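# Coordinate analysis (summary)
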Amino acid sequence: MFVTYLALTDFRSYRDVELELEPGVTAFVGPNGQGKTNLVEAIGYAATLSSHRVSQDAALVRAGAERALVRVRAQRGERKAALEIEITPRRANRARINGAPVQRVRDVLGLVRTVLFAPEDLALVKGDPDGRRRFLDQLTVMVRPRMAGTLQDYDRVLKQRSALLKSASAALKGSRGNADLRTLDVWDAKLAALGAQILAVRHELVTALAPHVARAYEQVSAGQGEARIALVSSLDRVADDAAPPAEADQTPSAALLEARLLEAMSRLRPQEIERGVCLVGPHRDDLSLELGGLPAKGYASHGESWSFALALRLACYQLMTTGVPGWDEYQDSEPILVLDDVFAELDTGRRDRLARLVAGAGQVLITAAVPGDVPEELEGARVDVMGGQVRRVR
Amino acid sequence: MYEGAVQDLIDELGRLPGVGPKSAQRIAFHLLAADPDEVKRLVDALTEVKNKVRFCERCGNVAQDELCRVCLDPRRSDATICVVEEPKDVVAIERTREFRGRYHVLGGAINPIAGVGPDDLRIAGLMSRLQDGTVTEVILATDPNVEGEATATYLARLLVPMGITVSRLASGLPVGGDLEYADEVTLGRAFEGRRRISA
């Protein structure tokens, strides 16, 4: 699929900008701070309803404006879709598909699909687990848009249960709070039911993603080392030593996971009340990244870490293109590749290999500070970006 | 910013649900330009609502007297109670004309973030209404969101052991909709709650 048109009103630095796009490579070139990334960020927002740079929507609206408008036209095969998203900070966004308002904004998920490479990706390898969980959640929503609602509900239940535990914990320590835990069982049940669905999907997703990561790492690093990923579930971390170890089944059923979550919560209840936090569930998972049998975080060099980060993104691209086995709802829909300021970060070898790997993709959008940062393999259309103005130069 | 009284009015209006700063300003200037009689009618209506309207002592619905219209209606069945979060939910269900039992208004849903626990809702009142055995069925009609579902589950766990029939409003496909456009959650719930058709 590819995007044919992008228009922004009061988005970031742009008062009003319109841009026609084509399949193949397009490079946005301009000095830093001129608004290149804002363009690809808007396309990413249309795909994920979130920004890869900030978690609060307020930053996306031009200073002084009340709301931002992102309009995107995308084409998949012969099918065209026009998408309009109105971003109003601290209020619910609104969206239209082909001019018709949608009931829930998240209904637009899946219409535009992107895989975005950004300098921040290095944190996937070197950073904290929450970045890797966000990576998994974003991929989940890309390949299974319907999970967006489950993730949202889980987040809400988690916040409610945490608030209850925190209040009880405070009361226990003699400060203000409420020790009323009569509703805790109910929140346990909700957290287990929603958490189990998320865990089941994560297991399947990581199993499907792993071979793609291994292959992509081999390609990016020119055959140096073996990259492996695995889901580290908080269920296994808190497992009862006396209980028999969980079977090596890669994709446990949601019913089994729900029972295990409930069991873990009832066992951990004293600690949870004492500390006032939810100790088990998808929000405590991690994705382990190993290189030649050693954890990438702490052992991998800077270059190897970059290769791993690129391999994770390339694997997403492969997985979204071929589809997850058994989930055929969105098979055969190649996502748009967005490379935001990535080439300048890489050494020559990785840069050339990455360029060759993405050169054949349906649509590639690149941002770069100088034309020299765009590898030769990725010659294509060029748009100069300067002071919030865009100009097609090739 | 405006001076004194005008700004005070805009601030007060802006506190109302669904009224943003722009709307508050518009309403304020509308009132400034309006006929004094018109403004007086509004002021009277506001004073009236605070003075006269109170909550039904039995079910928590809005009422003019001790009991609300539904609780006073002798034609309605005492065997069924429909539990809702807010008085406006009573109005919504009444519009369907499908339900002929009584109501119980909780006054919200369980919400630890907002500090709302079981004791902050009219649950004790509900329990005392169930003591004498007149009520045989309780319909849980809390909102189909996270807090509403949690409240329904909490109540069900209290009521089922008492031997009362407990049901939850069905959630499923909208009337006049297309199956293919229903999302997975809605369709999944519609499947769970499917009904047998007798020919």
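All values reported here derive from a predicted model rather than from experimental measurement. (Residues numbered from 1 in each chain as written. Chains lettered and ligands numbered in written order. Predicted model: local features only at pLDDT ≥ 70, side-chain atom pairs only at ≥ 80, totals over all residues. Heavy atoms only, no water.)

### As for the overall build of chain B
- Summing up its helical and strand segments, chain B has eight helices and six strands in all.
- For chain B, the sequential pattern of α-helices and β-strands runs α-α-α-β-β-α-β-α-β-α-β-α-β-α.
- Taking 2.2 N^0.38 as the reference for a compact globule, 199 residues should give roughly 16 Å; the C-alpha atoms of chain B span a radius of gyration of 21 Å, well beyond that estimate.
- By principal-axis analysis of the C-alpha atoms, chain B measures approximately 65 × 45 × 35 Å.
- For chain B, with 199 residues in total, the buried portion stands at 35%.
- With an accessible surface of roughly 13100 Å², chain B has 54% of that area assigned to carbon and sulfur atoms.
- Distance from the positive charge centre (25 side chains) to the negative charge centre (31 side chains) of chain B: 5 Å. (Helix = DSSP H or I, 4+ residues; strand = E, 2+ residues; numbered from the N terminus. Rg over C-alpha atoms; globule rule 2.2 N^0.38 Å. Buried < 20%, exposed > 50% of the residue type's maximum accessible area, 1.4 Å probe, protein only. Areas by Shrake-Rupley, 256 points an atom, 1.4 Å probe, with all protein chains shown as cover. Lys, Arg positive; Asp, Glu negative; His and termini not counted. Charge placed at Lys NZ, Arg CZ, Asp CG, Glu CD.)

### Things to note about the overall build of chain A
- In terms of helices and strands, chain A carries 10 helices and 15 strands.
- Scaling as 2.2 N^0.38, a compact globule of 394 residues should have a C-alpha radius of gyration of about 21 Å, and chain A matches this with 22 Å.
- Dimensions of chain A, computed from the C-alpha atoms along their principal axes, are close to 65 × 50 × 40 Å.
- When the 394 residues of chain A are sorted by exposure, 52% land in the buried category.

### Here's the deal with the domain arrangement of chain A
Residues and elements named next belong to chain A.
- Domain annotation of chain A identifies domain 1 (1–113 + 357–394) and domain 2 (117–332).
- Using only C-alpha atoms to locate each centre, domain 1 and domain 2 end up separated by 29 Å.
- Each partner contributes residues to the interface: domain 1 has 14 residues there, and domain 2 has 16 residues.
- Taking both partners together, domain 1 and domain 2 bury about 1200 Å²; carbon and sulfur atoms supply 64% of that area.
- Counting the surface domain 1 buries against domain 2, the share from its top three residues, R106, R113 and L357, is 48%.
- Connecting domain 1 to domain 2 are zero salt bridges.
- Taken together, the links from domain 1 to domain 2 amount to three residue pairs in polar contact (both at pLDDT 80 or more).
- Taken together, the elements giving at least two residues each to the side of domain 1 that touches domain 2 come down to α1 (36–48) and α10 (348–358).
- Across the side of domain 1 that touches domain 2, the residue classes tally to five nonpolar, five polar and four charged. (Domains from an automatic or database assignment. Contact = heavy atoms within 4.5 Å. Buried area = accessible area lost by both parts, 1.4 Å probe. Salt bridge = Lys/Arg side-chain N within 4 Å of Asp/Glu carboxyl O. Polar contact = N/O pair within 3.5 Å; in protein donor to acceptor, adjacent residues only side chain to side chain. Nonpolar A, V, L, I, M, F, W, Y, C, P; charged D, E, K, R; others polar.)

### Regarding the environment of R100(B)
All names here are of chain B.
- Counting through the fold element by element, R100 comes out in the loop between α5 (87–96) and β4 (102–105).
- The exposure class assigned to R100 is partly exposed, which follows from its relative accessible area of 43%.
- Beyond its immediate stretch of four places on either side in the chain, R100 contacts D73, R76 and S77.

### A closer look at helix α3 (residues 129–143) of chain A
- Given a rise of 1.5 Å per residue, 15 residues ought to cover 21 Å, and the 21 Å separating the end C-alpha atoms of α3(A) matches this to within 8%.
- Listed as buried for α3(A) are G131(A), R132(A), R133(A), F135(A), L136(A), L139(A), T140(A), V141(A), M142(A) and V143(A). (Expected span 1.5 Å × (residues − 1).)

### What to know about the pattern of salt bridges
Residues and elements named next belong to chain A.
- Counting across every chain of the model gives 34 salt bridges over all chains.
- A salt bridge links D107 to R104, with the shortest nitrogen-to-oxygen separation between them at 3.8 Å.
- Since its relative accessible area comes to 30%, R104 is described here as partly exposed.
- The partner of K159 in a salt bridge is D155, and the shortest N-O contact between them spans 3.3 Å. Taken as a pair, K159 and D155 lie in helix α4 (residues 147–172) at a separation of four residues, close to a single helical turn.

### Considering the pairing of strand β1 (residues 2–11) of chain A
Residues and elements named next belong to chain A.
- Summarising burial for β1: nine of the 10 residues are buried, a large majority.
- Across seven bridges, β1 lies against strand β4 (residues 68–76) in antiparallel orientation. By the bridge assignment, A7 is partnered in β4 with R71.
- Strand direction decides the pairing type here: β1 and strand β2 (residues 14–20), joined by six bridges, are antiparallel. In the strand pairing of β2, Y5 is matched with E20.
- Hairpin connection from β1 to β2: two residues lie between these consecutive antiparallel strands, with R12 at a positive phi of about 50°. (Pairing = 2+ DSSP bridges.)

### Side note on the interface of chain B and chain A
- At the junction of the two partners, chain B supplies 17 residues and chain A supplies 19 residues.
- Counting each side, the surface lost to burial between chain B and chain A is near 1700 Å², with a carbon and sulfur contribution of 58%.
- Among the residues chain B hides against chain A, the three largest losses belong to P112(B), I113(B) and V146(B). Together they make up 31% of the total.
- Counting across the interface, chain B meets chain A through three salt bridges.
- Our count for the chain B to chain A interface comes out at seven residue pairs in polar contact (both at pLDDT 80 or more).
- For the side of chain B that touches chain A, the leading source of residues is helix α7 (residues 146–159) of chain B, giving seven residues.

### Digging into the sheet that holds strand β5 (residues 79–87) of chain A
All names here are of chain A.
- Across the sheet, six strands lie side by side as β2-β1-β4-β5-β6-β7; this open sheet has antiparallel pairing. At either end of the open sheet lies a strand with only one pairing partner, and these are β2 and β7 (100–101).
- Contacting β1, β2, β4 and β5, α1 crosses the sheet at an angle of about 110° to β1. (Axes fitted to C-alpha atoms, helices over the stretch in contact; angles between N-to-C directions.)

### Description of a nonpolar patch on the surface
- A contiguous nonpolar surface patch, about 320 Å² in accessible area, is contributed by V49(B), V53(B), F55(B) and V62(B).
- By the secondary structure assignment, V49(B) is in helix α3 (residues 36–52). (Patch = residues over 30% accessible without salt bridge, like charges linked within 9 Å, V, L, I, M, F, W, Y side chains within 5 Å.)

### Side note on helix α7 (residues 254–275) of chain A
All names here are of chain A.
- The largest bend along α7 reaches roughly 60° and is located at L268, with the proline P270 sitting one to four residues downstream.
- Along α7, the positions that sit buried rather than exposed are L257, L261, A264, M265, L268, E272 and I273.
- Contacts made by the buried residues of α7 are with α4, α5 (184–220) and α6 (234–237).
- Once α7 ends, the next one or two residues include G276, with phi positive near 70°. (Bend = angle between axes of the 7 residues up to and from the residue.)

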